[in-house]
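Chain residues, written in single-letter form:
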Amino acid sequence: MFQFSTKAQTLEDLKAHLKNASIVPQVHFSVEAWRTGRADLLDTIRETFAERTLIVRSSCQREDSEHASNAGAFLSLLDVAAGNVADAIEAVIDAYGTPEPGDQVLVQPMLSNVVRAGVAFSHDPSTAAPYRIVNWTEDGDTTAATSGKPVRSWQQAALSARPAPGILQPVMALLEELLDLAGGQAVDVEFAVAPDESGIERLWLLQARPLILQAPQQRPEAQKQLLEDIETVVDRNMRPHPFVKGARAVFGVMPDWNPAEIIGLRPRPLALSLYRELITDSIWAYQRHNYGYRNLRSCPLMLHFHGLPYIDVRLSFNSFVPADLDDSLADRLVDYYIGRLLDEPALHDKIEFEIVLSCYSLDIDTRQSALQNAGFSDREMLSIKQALRRLTNNIIDPKKGLWMTDAAKLDTLERRRNELFAADTTAIDRIYWLLEDTKRYGTLPFAGLARAGFVAVQLLRSLEQVGIFTSRDTDLFMQSVSTVTSRMTIDRAKLAKPVFLQHYGHLRPGTYDINSLRYDEAPDFYFDWSQRPEAAEAAPAFMVSLEQMRAIANLLEHHELSTDPVGLFDFMHAGIEMREQAKFAFTRNLSDILSLLQDLGEQHGFSRDELSYCDIGVVKELQIAALGTRDVLARSIESGYARYQDTLKLSLPPLLQSTDDIWGFEYPGISPNFITQGSVTAPVGDLDRHDDLAGKIVCIPNADPGFDWLFSRNIAGLITAWGGSNSHMAIRAGELGMPSVIGAGEANYTKWEAARVLHINCAGKLVDVIE
C-alpha cells in the first residue's frame, strides 16, 4: 500500500505508479542539503529547468501528514524568475521557523496556458461521507480553489452510475486510483489541466495528501442504500398525479415555505416534525384554499429525504393557481412555471416575485408578457388576469378583506393560551392543546396574513414598476412600517428588564429548535443591560404627493381593484405589519411547547439535546394512550438519533430536478437578495462575541425572527445564508434602511463569513471581500 510522505516525496513516489495523471518535473532537497550544498543545488535547478519561470513550494514535515494538513501554513512562491530562485528558497525556509532535519523545499516549473485547475476530495471533509467533490475554476488560476475565490463545485456519490461531466472524468479517475493505491485512505489532491511541452493537454497532479476526517468513513454501500431510498421517493413523487396539475415535479429547499430558512438544511427530528405538524402537512393548503386558490388539502407540501426537508414545488405552483381557473389552463400554467424554474434555477428563492402570478398588481400586463412569449393566447391571459383580480380583491377589500378575519383569530389564540395556563392541567395536556391551538388560531391565520403581506409587497413593488414610485419611495415606505421588531427596539430603550422579558422573552433564534435558548433563558447573552440603547433616529418621513395619489387612484379604477389610494396604503401597512405580529403571536405558543417538553423530558431523565431527536407525534400518542411516558420518549429519541446520523451524511442540491441529481450535481449559482439601495464597508462581527457587534456586518445562517436581538447591537449590515426577499429579516432590514444581503447561498455565505472586512453595495448588487 502506498504511504504518503512530504509533499515532494509523495509526488516523487507516485511517479512510478500513477496512470491517470502526470507529475510536473521537480527538484527537491532537504533544508540541510541546501545549507551544505547550495551552489550544487542551484546548478541542478538551472540545468533541469533552464530559464523557465518557477514555483518554489514548501515541503515541510509539519504539513500534509495523516494528523494535520496545515494547509496554507507555510510559504510557496509563484512566478519566480530563474535569477531569483535562491532568494525564494531562503524565504520558504524562513517560513518554517526552526526547520526540522527532514523538512524539504520543492522547485518546479510553472505550468503555462492552464485550462482548468482545482482541488478534489475523495470524501466530504465535514461528514466523512464518500462523496467525490471537485472544486475548480477555468480562468487559468491554479490557486483559485484554495484561496477562497469563486469556483465551480461538483459532488458525486462514490457508487454513482451517473458520470461526472466530461471535463471532470479524468479527475474522478485520478481520485479512484489514489484511493486504490492508498488502500482506501481518504485523499485530498490539487490538480491542473494544461498542455505539456509537445502541446498535448494533460491532467497534472500538483499535490496529494491524506484527507483529515473527524469521523469514521461511511461505507460506499451504506451511502448507496440511503440514496436509493431517496431515489424511490423522488421518482414516485415526480410522476403525474390525477389530483395535481403539472406533468412533473421539482423539489427545492427555498421555494414557498422555505425550510432552509426556517428550520435549516438538516433539522433535528423534533424541529422537522414540528414544522410539518404546524404548517407543511396540512395548514398551508387550508389557508391557500380559504383565500381562493386551488384545493390541495391532504397534500403535504414538504417531503423529507432521510431527514433533508424539501418543498414539492409542483404542489406549491398548484396552490398559487386561482381555484376558479379552468383545469386545462391551470395544467398549462403549472407546466409553464416548472419550465421557467428549470430554465432559471437561480430563481428558486424568488418564485413568487419572478415566476408565479399569484396575485393581481398594477404592473400585471408587464408581468404577463412572459406568458405571451410562452404561447398563451390573449383569451387565456385575460382569464388568468380576471381570476387573479377576483382573488386579490377578496384579500384587499377595505371592509371585508379575508386578512381581517385572520387578524381577529390572534386574539383567540392569546385568550385560549391564558385559559390553558390558568387551568389545572398536566404538561402533556398543555403541550397537546398548545399544538392544536397553534394550528387553528396561530399558524393558519399567520399563513393568511403572510399571504396578505406578500400581496402588499407585490402591490408596493408594482407602484415602482409603473413609474409612480421611485426606489427611494419604496424604501421610505418600508421604513415607515411599524413591526414587532421596531417596537422591540423602542421597548428595549424604555422598559425595565423584567417587563421587557415578559413581553419578548419567548423569542429564540431557532424558532423550532429546542436547543436554541429563549431570550428569557439567557437575557445577558442577548442584551447588554448595563446601558440603555440610544433611541433610534426617526426614519425620514414617507410622503405621497397629490400627483402620485391621483395617478394611483386612476390606476386602481382602471384595474378594477376594490380599494382607493388611502385604502391601498392602509392595506399595505397592515399586511406587512400583521404578518410580523402573527408570527410573534404563534411563536409564543411554539416556544412554550418547547419549554414544556423540556420540563417533561427532565422529569424523566432526558436532556434538552436528547429531546431534539424525538418526534412531536409522541405528545399526541401520550395524550390518548395509556403508555409509559419515559418509554415512549426513549424510543422516539433512540429512533430519531439513529435516523439523524444518516441525515448528517447526506448532501443534495438546493433544487432537485431529476433522480440523477441525487447521485451527482453541480452546486448552482445563487442570486442573493439585496435590501435597500445603501452600501456599507465594515468588519465582519463574531456572533459569539455579542458585546462587540456594534458597527459590524453580522452573518447568520437564516432569517429567523429570533435573531432580532442583533438590531439592539447597532450592527452596520446583515448577511444571511438563507432567506427570501419577503422574509422577516428582509422586511426588518428594509424598515431600518440597513444594507443587507438575504439568502446569500451556502457558498457565498461561507466565503463572506470567513472574511475580516466586507463591502456591501446593495444598489450595485455586489459584495466585495476587502480583507
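Scroll up to find the structure this text is about.
Structure report, in brief. Since this is a predicted model, take the numbers as computed values, not measurements.

Details of the overall build of the chain
Part 1 of the reasoning: For the chain, the count of helices and strands is 27 helices and 22 strands.
Part 2 of the reasoning: A compact globule built from 771 residues should have a C-alpha radius of gyration of about 28 Å, and the chain, at 29 Å, falls within 12% of that.
Part 3 of the reasoning: Dimensions along the principal axes, computed over C-alpha positions, put the chain at roughly 95 × 65 × 60 Å.
Part 4 of the reasoning: Looking at the 771 residues of the chain, the share that counts as buried comes to 57%.
Part 5 of the reasoning: In the chain, the share of contacts with a sequence separation of at least 24, taken over all contacts with a separation of at least 6, comes to 69%.
Part 6 of the reasoning: A total accessible area of about 31,700 Å² is found for the chain, and carbon and sulfur atoms account for 49% of it.
Part 7 of the reasoning: Considering the chain, the positive charge centre built from 73 side chains and the negative charge centre built from 103 side chains are found 5 Å apart.

Some points on the packing of aromatic side chains
Part 1 of the reasoning: If you walk through the whole model with that rule in mind, you get 31 aromatic pairs.
Part 2 of the reasoning: Here Phe 477 and Phe 569 contribute two aromatic rings whose centre-to-centre distance is 6.3 Å and whose plane-to-plane angle is 45°, an arrangement assigned as tilted. Here Phe 477 is found in helix H16 (residues 471-480), whereas its partner Phe 569 is found in helix H21 (residues 565-603), with 92 residues between them in sequence.
Part 3 of the reasoning: Phe 477 sits in the buried class, given a relative accessible area of 0%.
Part 4 of the reasoning: For Phe 569, a relative accessible area of 9% translates into the label buried.

Quick word on the packing of helix H20 (residues 546-558) against H21
Part 1 of the reasoning: Relative to each other, H20 and H21 sit at 90°, their axes nearing to 9 Å. With respect to H21, the axis of H20 lies roughly perpendicular. Seen from H20, the contacting residues are Met 549, Ile 552, Ala 553 and Leu 556; seen from H21, they are Pro 565, Val 566, Leu 568 and Phe 569.
Part 2 of the reasoning: A per-class count over the contact of H20 with H21 returns 8 nonpolar, no polar and no charged.

Some remarks on unusual backbone geometry
Part 1 of the reasoning: Positioned with a positive phi, Ala 128 is a non-glycine residue whose angle comes to about 65°.
Part 2 of the reasoning: With respect to the helices, strands and loops of the structure, Ala 128 is situated in the loop between strand E6 (116-121) and strand E7 (131-137).
Part 3 of the reasoning: Positive phi, normally seen in glycine, also occurs at Glu 560, with a value near 60°.
Part 4 of the reasoning: Relative to the helices and strands, Glu 560 is located in the loop between H20 and H21.
Part 5 of the reasoning: The class for Glu 560 is exposed, based on a relative accessible area of 54%.

Points about the environment of Met 381
Part 1 of the reasoning: Structurally, the position occupied by Met 381 is in helix H13 (residues 378-396).
Part 2 of the reasoning: Sequence separation between Met 381 and Ser 369 is 12 residues, and the spatial gap between their C-alpha atoms is 9.2 Å.

Considerations on helix H10 (residues 327-343)
Since the α-helix advances by 3.6 residues per turn, residues separated by three or four positions end up pointing in the same direction.
Part 1 of the reasoning: Here H10 spans 24 Å end to end across 17 residues, near enough to the 24 Å set by a 1.5 Å rise per residue.
Part 2 of the reasoning: For H10, the complete set of buried residues consists of Leu 329, Ala 330, Leu 333, Val 334, Tyr 336, Tyr 337, Ile 338, Arg 340 and Leu 341.
Part 3 of the reasoning: Elements that come into contact with the buried residues of H10 comprise helix H9 (313-319), helix H11 (351-354), helix H12 (364-373), H13 and strand E14 (655-656).

Focus: the pattern of salt bridges
Part 1 of the reasoning: Applying the stated rule across the entire model yields 40 salt bridges.
Part 2 of the reasoning: With its nearest N and O atoms 2.9 Å apart, the salt bridge here joins Arg 416 to Asp 437. Taken as a pair, Arg 416 in helix H14 (residues 402-422) and Asp 437 in helix H15 (residues 427-465) lie far apart in primary sequence, 21 residues in all.
Part 3 of the reasoning: Two residues, Lys 696 and Asp 692, come together in a salt bridge whose shortest N-O distance is 2.8 Å.
Part 4 of the reasoning: The exposure class of Lys 696 is buried, given its relative accessible area of 18%.

Considerations on the nonpolar core
Part 1 of the reasoning: Core analysis: the largest hydrophobic core is formed by 118 residues, its most contacted members being Leu 274, Phe 317, Phe 477, Tyr 512, Phe 571 and Met 572.
Part 2 of the reasoning: Leaving out residues up to four positions away in the same chain, Tyr 512 has contacts with Ile 262, Ile 263, Ala 271, Leu 274, Tyr 275, Leu 278, Ile 279, Phe 586, Leu 590 and Leu 594.
Part 3 of the reasoning: Trp 722, Tyr 749, Cys 762 and Val 767 belong to the second-largest nonpolar core, a separate cluster that totals 48 residues.

Considering the sheet that holds strand E9 (residues 187-195)
Part 1 of the reasoning: As summarised here, the arrangement of the 7 strands in space is E1-E10-E9-E6-E7-E8-E15, forming an open sheet in which the pairing is mixed. Unpaired on one side and paired on the other, strand E1 (22-23) and strand E15 (664-666) mark the two borders of the sheet.
Part 2 of the reasoning: As paired strands, E6 and E7 are joined by 5 bridges and run antiparallel to one another. When the sheet's bridge partners are listed, Ala 120 is paired in E7 with Val 134.

Considering the side chain of Thr 629
Part 1 of the reasoning: The residue Thr 629 is located in helix H24 (residues 629-649) in this model.
Part 2 of the reasoning: Ignoring any residue separated from it by four or fewer positions in sequence, one finds Thr 629 in contact with Ile 428, Leu 600, His 604 and Leu 622.

Side note on the side chain of Thr 563
Part 1 of the reasoning: Tracing the sequence through the fold places Thr 563 in the loop between H20 and H21.
Part 2 of the reasoning: There is a polar contact of 3.4 Å between the side chain of Thr 563 and the backbone nitrogen of Leu 568.
Part 3 of the reasoning: Residues within four places of Thr 563 in sequence aside, it is in contact with Ile 396, Pro 398, Leu 556 and Leu 568.

Thoughts on the environment of Glu 63
Part 1 of the reasoning: Position of Glu 63 relative to the elements: it lies in the loop between strand E3 (54-59) and strand E4 (77-80).
Part 2 of the reasoning: On a C-alpha basis, the gap between Glu 63 and Lys 7 in space is 8.0 Å, while along the polypeptide they are 56 residues apart.

A short note on helix H27 (residues 746-753)
Part 1 of the reasoning: Within the sequence span of H27, burial applies to Asn 748, Tyr 749 and Trp 752. Viewed along the axis of H27, the buried residues span an arc of 100°, placing them on a single side of the element.

Some thoughts on the sheet that holds strand E16 (residues 673-675)
Part 1 of the reasoning: If you trace the 4 strands from one edge of the open sheet to the other, you get E16-E20-E19-E18, paired in mixed fashion. Bordering the open sheet on either side are E16 and strand E18 (697-700), each of which pairs with just one other strand. The sheet shows a mean angle of 20° between the axes of neighbouring strands, direction not considered.
Part 2 of the reasoning: Both E16 and strand E20 (residues 740-742) contribute to a ladder of 3 bridges, which runs antiparallel.

Points about the pairing of E9
Part 1 of the reasoning: For E9, a buried count of 8 out of 9 residues is recorded, marking the element as mostly surrounded by other parts of the structure.
Part 2 of the reasoning: For E9 and strand E10 (residues 201-210), the ladder comprises 9 bridges, and the chain directions are antiparallel. Bridge pairing links Val 193 to Leu 203 in E10.
Part 3 of the reasoning: Once E9 ends, the chain turns through 5 residues before running back antiparallel as E10, passing Gly 199 with a positive phi of about 90°.

Thoughts on the environment of His 123
Part 1 of the reasoning: Tracing the sequence through the fold places His 123 in the loop between E6 and E7.
Part 2 of the reasoning: Overall, His 123 belongs to the buried group, its relative accessible area being 3%.
Part 3 of the reasoning: Through-space distance from the C-alpha of His 123 to that of Ile 133 is 7.1 Å; in sequence the pair is 10 residues apart.
Part 4 of the reasoning: In this structure, His 123 is in contact with Ala 128, Ala 129, Pro 130, Tyr 131, Arg 132, Ile 133, Leu 179, Ala 186, Leu 211, Leu 213 and Gln 217, ignoring residues within four places of it in sequence.
Part 5 of the reasoning: A polar atom in the side chain of His 123 sits 2.8 Å from the side chain of Ser 122.
Part 6 of the reasoning: One polar contact links His 123 to Gln 217, side chain to side chain, over a distance of 3.0 Å.

Conventions adopted
- Numbering of residues starts from 1 in each chain and follows the order in which that chain's sequence is written.
- With the structure being a predicted model, the display of local features is reserved for residues of pLDDT at least 70 and the display and counting of side-chain atom pairs for 80 or more, all residues being used for whole-chain, interface and lining totals.
- To obtain the side-chain values, all non-hydrogen atoms of the structure were included, while hydrogens and water were left out.
- Elements are defined by DSSP. Helices are runs of H or I of four residues or more, strands are runs of E of two residues or more, and each kind is numbered from the N terminus.
- C-alpha atoms define the radius of gyration in this analysis, and the globule rule sets the expected value at 2.2 Å times the number of residues to the power 0.38.
- Type-normalised accessible area, obtained with a 1.4 Å probe on protein chains alone, sets the label of each residue: buried when under 20%, exposed when over 50%, and partly exposed for intermediate values.
- Any two residues whose heavy atoms approach within 4.5 Å are treated as being in contact.
- Only the protein chains shown count as covering a residue, and every accessible area follows the Shrake-Rupley method with a 1.4 Å probe.
- Counting rule applied: Lys, Arg positive; Asp, Glu negative; His and chain ends not counted.
- Where a charge lies is defined by one atom per residue type, namely NZ (Lys), CZ (Arg), CG (Asp) and CD (Glu).
- Working definition: rings of Phe, Tyr and Trp (its six-membered ring) pair if their centres are within 6.5 Å, and the pair is stacked with planes under 30 degrees apart, edge-to-face with planes over 60 apart, and tilted otherwise.
- Note on geometry: axes are lines fitted to C-alpha atoms, helical ones only across the stretch in contact, with angles between N-to-C directions running from 0 to 180 degrees.
- Any angle that is under 35 degrees is reported as roughly parallel, and any over 145 degrees as roughly antiparallel; angles of 65 to 115 degrees are reported as roughly perpendicular and all others as oblique.
- All residues other than Ala, Val, Leu, Ile, Met, Phe, Trp, Tyr, Cys, Pro, Asp, Glu, Lys and Arg, Gly among them, are scored as polar; the first ten of these are nonpolar and the last four charged.
- In a helix, the anticipated span is given by 1.5 Å times the number of residues less one.
- What counts as a salt bridge is simple: a side-chain nitrogen of Lys or Arg found within 4 Å of a carboxyl oxygen of Asp or Glu.
- By nonpolar core we mean a set of buried residues, namely Ala, Val, Leu, Ile, Met, Phe, Trp, Tyr and Cys, connected to one another through side-chain atoms within 4.5 Å.
- A pair of strands is treated as paired once DSSP finds two or more bridges between them.
- Under this definition, polar contacts are N or O atom pairs within 3.5 Å; protein pairs additionally need one hydrogen-donor-capable and one acceptor-capable atom, and for neighbouring residues in sequence, both atoms have to be side-chain atoms.
- The arc refers to the directions leading from the helix axis to the C-beta atoms.

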